[in-house]
Structure formats: structure tokens, C-alpha cells
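An overview of the molecular structure
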Amino acid sequence: MHIYIKVFFVAIVLTIIGCNGRNYTPLPRGYMRIALPEHSYIQSDTTYPYFFEYPVYAEIENFENSDDKKYWMNVKVPQFKATIYLSYKPVNNNLATYLEDSYKLVSKHIPKADNIYDSMIIDRTKHIYGLTYVIEGDGAASPYQFFVTDSANHFLRGALYFDILPNNDSLSPVIDFLTEDIKHMVNTLEWD
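These remarks concern the structure in this document.

Okay, the overall build of the chain next. Within the chain, the regular secondary structure consists of 3 helices and 11 strands. Ordering the α and β elements of the chain from the N terminus gives α-β-β-β-β-β-β-α-β-β-β-β-α-β. Expected size for 192 residues packed as a compact globule is a radius of gyration near 16 Å; at 26 Å, the chain overshoots this value by more than 25%. Expressed as lengths along the three principal axes of its C-alpha atoms, the size of the chain is roughly 100 × 35 × 35 Å. A burial count over the chain gives 36% of its 192 residues as buried. Taking as baseline every contact in the chain between residues at least 6 positions apart, the subset at least 24 positions apart corresponds to 49%. Surface exposure of the chain reaches about 12,300 Å², of which carbon and sulfur atoms provide 56%. Of the side chains in the chain, 16 bear a positive and 23 a negative charge, and the two mean positions are spaced by 11 Å.

This is the structure in C-alpha cells:
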């Protein structure tokens, strides 16, 4: 029994020596796991001058409060507190104004953006031409924006926003996921 007391005493001394606090390494801050659904799409309302396929886990919210916004819509993804704002305008010798407005709206993100990458959209068979903007930076409010037009009759602008404080580092998987959905929406877009 006397030996058990000695072993117990040695174990306590080693524990005290080993726990001196100098070798403490804090764990990095973690984020909750985000469950992403499988991509699946349905057709949007075809009474608009444009239509496309949008995600089944999204909800369409229409604007019908004024004539100049009657073909605007929001594609809401409640699971991620995200909204893709779509604004449609008919082209009537004012395409240059719409293009300039789109550029100005993207440029407002420059103070918070680390990088802004643009990419052209060209689909000659469906008469769809435009640009996408990937806006990188922790404080950028909208990580993805785009506009498309047929250059003669239609102009559609879209922007992805989250209803939470922007932290694009932790939102990166959701941003990538929704960016793929937006690309599908643009690729399936047709003018009426």
C-alpha cells in the first residue's frame, strides 16, 4: 500500500509540472458546418419577358407595386438568408445608361473589395450577352453580380446579397454554391 501512495504522489507532481501553462496552444476559431442541398431546378414564370430555371430550395418574390418594376423579382434562399435581386428593364435606345448604372453599382464595392473579377457572357444562339462580377473581400456586401442583355429589347441585372453581416470568409462555401445556381439561371435564361 505504501508503494501506491508513492506512485500517486509522483503522478501528482508530474501533472503539476506538466501543466505549467507555457505550452498552451489555443484552438483556431471554428465555424458551424453548413449543409448544402443537392442542386435541383424548376422553371420560372413564363409570363415575364424572360424566364429561367431557378433552385427548388428558393422562393420567387415578385414586384408588382409600380410599372417600372413590374418585371423585377427576388429569388430568395431562406436556408442561407440569401437573396438574388433581379431587375429587368426594357431597352429603348438607353442600353448605355443601363450598362453605366451596372458598372457604378459594382464600383460601390471597391472600398471593401480585395479583388473584382469580371467575366463575359456570350450566347449568340439565345442572344444573351453580358458580364459577371465576382467581388472578393471580407466586407463586400455583394459577392456576385451580373447583367445580361440582348442589346435590342431586354436588360436584366442580378446581385447576390445576404441578410447577415458580411463575413465572406465563413460564407465562402455558400457563396460558391449559390454562384453555381446563378450561373445555371443565366445559362438557362431565355427572352420571351
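More follows now that the structure is in view.
Below, the discussion takes up the nonpolar core. Counting 32 residues, the largest nonpolar core has Tyr50, Phe52, Leu86, Val148 and Leu178 as its most contacted members. Listing elements by their share of this core, those giving two or more residues are β5 (73-77), β6 (82-90), β9 (144-149), β10 (154-162) and α3 (172-187). Setting aside anything within four residues of it in sequence, one finds Phe52 in contact with Ile42, Gln43, Ser44, Met73, Val75, Leu86, Met185, Thr188 and Leu189. Of all hydrophobic cores here, the second largest spans 11 residues; its members include Val91, Ala113, Tyr133 and Phe147.

Moving on, we get to the pairing of β6. As judged from the 5 bridges shared by β5 and β6, these two strands associate in the antiparallel manner. By the bridge assignment, Asn74 is partnered in β6 with Tyr85. From the end of β5 to the start of β6, which pair antiparallel, there are 4 residues, and Lys81 there has a positive phi angle of about 55 degrees. Strand direction decides the pairing type here: β6 and β10, joined by 9 bridges, are antiparallel. Across the sheet, Leu86 pairs through a bridge with Gly158, a residue of β10.

Rules and cut-offs
- Residues numbered from 1 in each chain as written.
- Predicted model: local features only at pLDDT ≥ 70, side-chain atom pairs only at ≥ 80, totals over all residues.
- Heavy atoms only, no water.
- Helix = DSSP H or I, 4+ residues; strand = E, 2+ residues; numbered from the N terminus.
- Rg over C-alpha atoms; globule rule 2.2 N^0.38 Å.
- Buried < 20%, exposed > 50% of the residue type's maximum accessible area, 1.4 Å probe, protein only.
- Contact = heavy atoms within 4.5 Å.
- Areas by Shrake-Rupley, 256 points an atom, 1.4 Å probe, with all protein chains shown as cover.
- Lys, Arg positive; Asp, Glu negative; His and termini not counted.
- Charge placed at Lys NZ, Arg CZ, Asp CG, Glu CD.
- Core = buried A, V, L, I, M, F, W, Y, C linked by side-chain atoms within 4.5 Å.
- Pairing = 2+ DSSP bridges.

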